[in-house]
Amino acid sequence: MNRNELPLERQLVLMASVEVDEQDKERLAEIVSSPLDWSEVVYQMITHRTLNMLTYNLKKFALFEQLEGELKRVLNLQWAAYRERNGFYASKLTEILHAFAEQDLVLTVLKGNLLVNTVYPSLETRTFNDLDFLMQLDDVNKVTGVLESLGYVQGEYDAKDHVINVSTRKARMVHQMTTHEIQEFIQLSDNPFASAVEVDVNHDILWRGNCPYKVPTRELIARAVPIDLYGAKGYRLDHADNLIQLCCHLYKEAVLMVWITSLKDLKLYKFADLYMYIRKFSSEIDWSVFMERVRHYQLEKVVYYNFHYIGLLFPEIVPEDVKAAFQQEDLAYLDQYAIENEVPFVWEYDFFTRLFDVNRILSVADNAADNFRRYQTVKSSG
């Protein structure tokens, strides 16, 4: 199946999850003018975290007023809520960046906090749940000291009671040693759209355990590029490294069980991030440097996984010679999951079913968890 064979509702979800170009405005208008199940569109775009991109695209091409009144009200309220929420997070990001600069700390801003300021068309159009950074482990004590001085506490947020369950020193050490990040930092807030500010500090762009890939964080930080964010000096990865990070992030969350069982594996916003980054910086990306680094880190399979699927979802954006350079002879891995197993599992359903079908998604997640538990039982029994 290709995207043009999907129901119109799902074609609209895909089209409007990234910025629509002038050349596609007539097709967008044609779909919006068709009889649609808007509950399906809204549900899918909420769960894939792209609803505000729909609002942006409809207003960009003067199609918003065609919608039913209550639907317009909901979309406008969602837009206003994320303007407030993201603006609040922006103020917290600025505060943290100033504090890092005072200590001469170089951490790169990652994912939503960077992309909303560099590749998305407005502050409201990319949602995120926390502030993400990448640091060298050598800086862990200084980074911890800075965030604690700003009132952040390492632990887990209990939304029901609006409290932070503070982690023990042992728990923080275990978290640092067994995952790609240090224990999350949290600060309570009275903002109605952000009851707690969460800060994720990563020390690896991949995962711990049996990960077959290694991208040294020290090398990424050494190539970091200064950037101004809301008047504060921050850093981002250079274009080649940012593409690598986005590819690694999407791949690991698409194929590892911890993300699959929590239904966070296939989310359109992650594919949209990569598409929008390439769209924005296509004239600045040195593809020869990118290809050299991918080969150096032996990430060909990871990168092709990303390029294959964004090609299914959105208009072609990756240069054909670049995509062809990473083409794999055996494409069976594109449908594999639970790759932490000695022998990965294979999905029973096609990609678009896994992406969109909510009942099948729940079934797939349950089956995936059952398969994984059975595998672990067999493995432990020898």
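Visitor: What is the right way to read the pairing of strand β6 (residues 194-202) from this model?
Guide: The two faces of the sheet receive side chains in turn, since in a regular strand these alternate between them. Extensive coverage of β6 is indicated by the burial of eight of its nine residues. Where strand β2 (residues 131-134) meets β6, four bridges bridge the pair, whose relative direction is parallel. Residue pairing across strands places Leu-131 opposite Val-199, the latter belonging to β6. Of the strand pairs in this sheet, strand β5 (residues 185-191) and β6 are connected by five bridges, and their pairing is antiparallel. In the sheet register, Asn-191 faces β6, and the bridge partner there is Ala-194. What sits between β5 and β6 in their antiparallel hairpin is a turn of two residues.

Visitor: What is the right way to read the packing of aromatic side chains from this model?
Guide: Centre distance and the angle of the planes are the two values used to describe a pair of aromatic rings. On inspection of all chains with the given rule, the structure shows 16 aromatic pairs. Ring geometry for Tyr-251 against Tyr-305: centres 5.1 Å apart, planes inclined by 80°, an arrangement best described as edge-to-face. Remark: Tyr-305 occurs in helix α14 (residues 300-313) and Tyr-251 occurs in helix α10 (residues 239-255); sequence separation between them is 54 residues. With a relative accessible area of 2%, Tyr-305 lands in the buried category. Summarising the aromatic geometry, the rings of Tyr-337 and Phe-345 are spaced 5.5 Å apart at their centres and angled 50° between planes, so their arrangement reads as tilted. Side by side, Tyr-337 and Phe-345 carry an identical accessibility label, which is buried.

Reading the values: the criteria
- Residues numbered from 1 in each chain as written.
- Predicted model: local features only at pLDDT ≥ 70, side-chain atom pairs only at ≥ 80, totals over all residues.
- Heavy atoms only, no water.
- Buried < 20%, exposed > 50% of the residue type's maximum accessible area, 1.4 Å probe, protein only.
- Helix = DSSP H or I, 4+ residues; strand = E, 2+ residues; numbered from the N terminus.
- Pairing = 2+ DSSP bridges.
- Phe/Tyr/Trp six-rings, centres within 6.5 Å; stacked < 30°, edge-to-face > 60°.

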